Every structure is written in structure tokens, then in C-alpha cells.
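Architecture and fold: a report
Given next are the chains, with one letter for each unit.
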Amino acid sequence: MASKPAAAASFCLDRLVRRNLRGVWVRGELPTGSAIWAANHHSWWDYFVALSALRAAGRSDVGVLMDPANIASRTVFGWAGAVGSDRLRAAAELAVSGGVLVIFPEGELRAPGPLGPVRPGAAWLARRAGATPLAVATRIVLRGHQAPEAYLDVVPVPAVAGLPRILADRLAVLDDALAAADPAHPLPGYRQVVRGVRSWSERISR
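The structure reproduced in this document is the subject of the present report. (Residues numbered from 1 in each chain as written. Predicted model: local features only at pLDDT ≥ 70, side-chain atom pairs only at ≥ 80, totals over all residues. Heavy atoms only, no water.)

1. What to know about the side chain of Asp153
Cut-off, in case you're wondering: A helix here means a DSSP run of H or I that spans at least four residues, while a strand means a run of E at least two residues long, and both kinds are numbered starting from the N terminus. Between N or O atoms, a polar contact is any pair within 3.5 Å; within protein, one atom must be a potential hydrogen donor and the other a potential acceptor, and residues adjacent in sequence are included only when both atoms are from side chains. Here a residue-residue contact requires only that any non-hydrogen atoms of the pair lie within 4.5 Å.
Note that Asp153 resides in strand E7 (residues 149-156). Here Arg170 takes part through its side chain, which lies 2.9 Å from a polar atom of the side chain of Asp153. Excluding its chain neighbours within four sequence positions, the residues that come into contact with Asp153 are Arg27, Ala135, Val136, Ala137, Arg170 and Tyr190.

Below you can see the structure in the form of C-alpha cells.
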């Protein structure tokens with residue numbers, strides 16, 4: 001069970017998503033057991049939407065691998081399950097104990113675009129934890145409504161060595177879908193797991 005500070009931090013970050021984004025949509029299955037959640041890192045929102053989606057699925061055992069400097073400067077990140085990238089063994093223990101460890105294998109926040117070079121730590125963590133690796137293509141985009149929308153394409157990775165290719169491929173597929181879809185409607189094939197704010201046009205239309 002999460003501690004009181006951890007539960008409070010998780011609640012606050014979930015509220016942040018719900019009050020600032022239109023919602024979170026998911027394609028694929030959210031994990032029910034231990035998992036390494038490996039996602040591209042192209043937006044400030046990336047961990048928050050992952051946490052919110054997992055929280056909506058009833059998960060409280062969620063952590064994230066993060067730059068130690070960010071944890072030191074913001075105590076709430078530590079409460080919300082952040083573990084420094086200088087403590088890989090401690091991070092792996094979360095997944096070993098049945099939780100979900102969110103990692104960004106590019107190792108840094110990058111401008112939106114194709115997946116950048118993937119660092120080897122993701123494969124090491126998956127092997128160390130013996131947990132299911134998931135490639136999670138992530139986009140937070142402003143489309144046909146007032147607030148941005150978050151899309152998560154979750155795909156199990158059969159062999160951890162294939163993670164970079166699978167994540168890059170799924171991110172390209174997601175970008176193609178966003179480019180082709182009607183911006184007034186959610187992407188086909190995705191289900192909404194977190195409801196956020198309605199746009200002004202939606203409110204007056206009611």
C-alpha cells in the first residue's frame with residue numbers, strides 16, 4: 001500500500017492531468033502485473049499521463065526513473081515514486097516486487113519527432129526485474145479542441161532486445177494516425193481511460 005505522501009502526490013498529479021488535458025486515450029492493454037514501461041520522452045507531460053492512466057486502472061505501485069537532480073529539487077517527485085537514475089538496482093526492485101517502473105530510454109527530454117537513440121539501461125532493468133517490457137508510444141498533442149490530448153500505444157515486447165525497434169515503429173504509426181485523423185474526434189482504435197476538461201466549444205454546444 002502506498003504511503004500517505006505517495007498517495008497524496010499521485011492524487012495531485014492525476015488532478016493536474018485531468019484539469020489541464022482533454023483526456024488520456026490508450027490502445028492496447030495496461031499492465032496488471034510487474035512491468036517496465038518504456039516510453040519516448042518528448043513532452044513535459046509524459047510521466048504524468050502514464051501515472052494517471054495506470055492510476056485509473058487501479059495501480060498505486062508506480063514509479064519512474066528520473067534524473068537525480070530533478071528529484072533533489074522537487075520533493076514531490078520522490079513522493080510520487082521517482083528513483084534516481086544513479087540507483088538502477090533500487091529502481092528495478094519496484095518491478096521485482098510487482099510494480100510498474102516507468103522509464104524513458106532516450107535518457108532525456110527531446111523535441112517531438114522520431115525516437116532518439118535508446119540507452120542500454122532499459123534492457124538491463126527488464127532483465128534484472130524479470131518483468132514484462134512494454135513499448136509505450138506517447139504523444140500529447142493539441143488537435144481540434146481547446147486542451148491537448150494524450151495518446152498511449154501500449155505494446156508488449158517479446159524480447160527486450162527488440163524494444164528500440166518496436167517503440168520506434170509504434171511511435172511512427174501513432175504519428176501517422178494523428179496526421180490522418182479528423183482532429184475533432186479521438187483517434188480510432190483508442191479508448192479513453194482518463195477524462196479531462198471539455199473545450200469551450202463542447203460546453204456551449206450542450
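Still to come is the rest of the account.
2. Focus: helix H2 (residues 46-56)
Note on helix geometry: an α-helix contains 3.6 residues per turn, so any two residues three or four positions apart are oriented the same way. Threshold: Residue exposure (1.4 Å probe, protein chains only): buried if accessible area is under 20% of the type maximum, exposed if over 50%, otherwise partly exposed.
Buried residues dominate H2, accounting for nine of its 11 residues. What H2 keeps buried is the set Asp46, Tyr47, Phe48, Val49, Ala50, Leu51, Ser52, Ala53 and Leu54. Taken from the residues just after H2, Gly58 is the one with a positive phi, measuring 90°.

3. Observations regarding the environment of Leu167
Assignment of secondary structure puts Leu167 in helix H7 (residues 163-180). Residue classification places Leu167 among the buried positions, given a relative accessible area of 0%. On a C-alpha basis, the gap between Leu167 and Gly81 in space is 24 Å, while along the polypeptide they are 86 residues apart. Those residues within four positions of Leu167 in sequence are excluded, and the remaining contacts are Ala38, Ala39, Asn40, Pro105, Leu115, Ala135, Val136 and Ala137.

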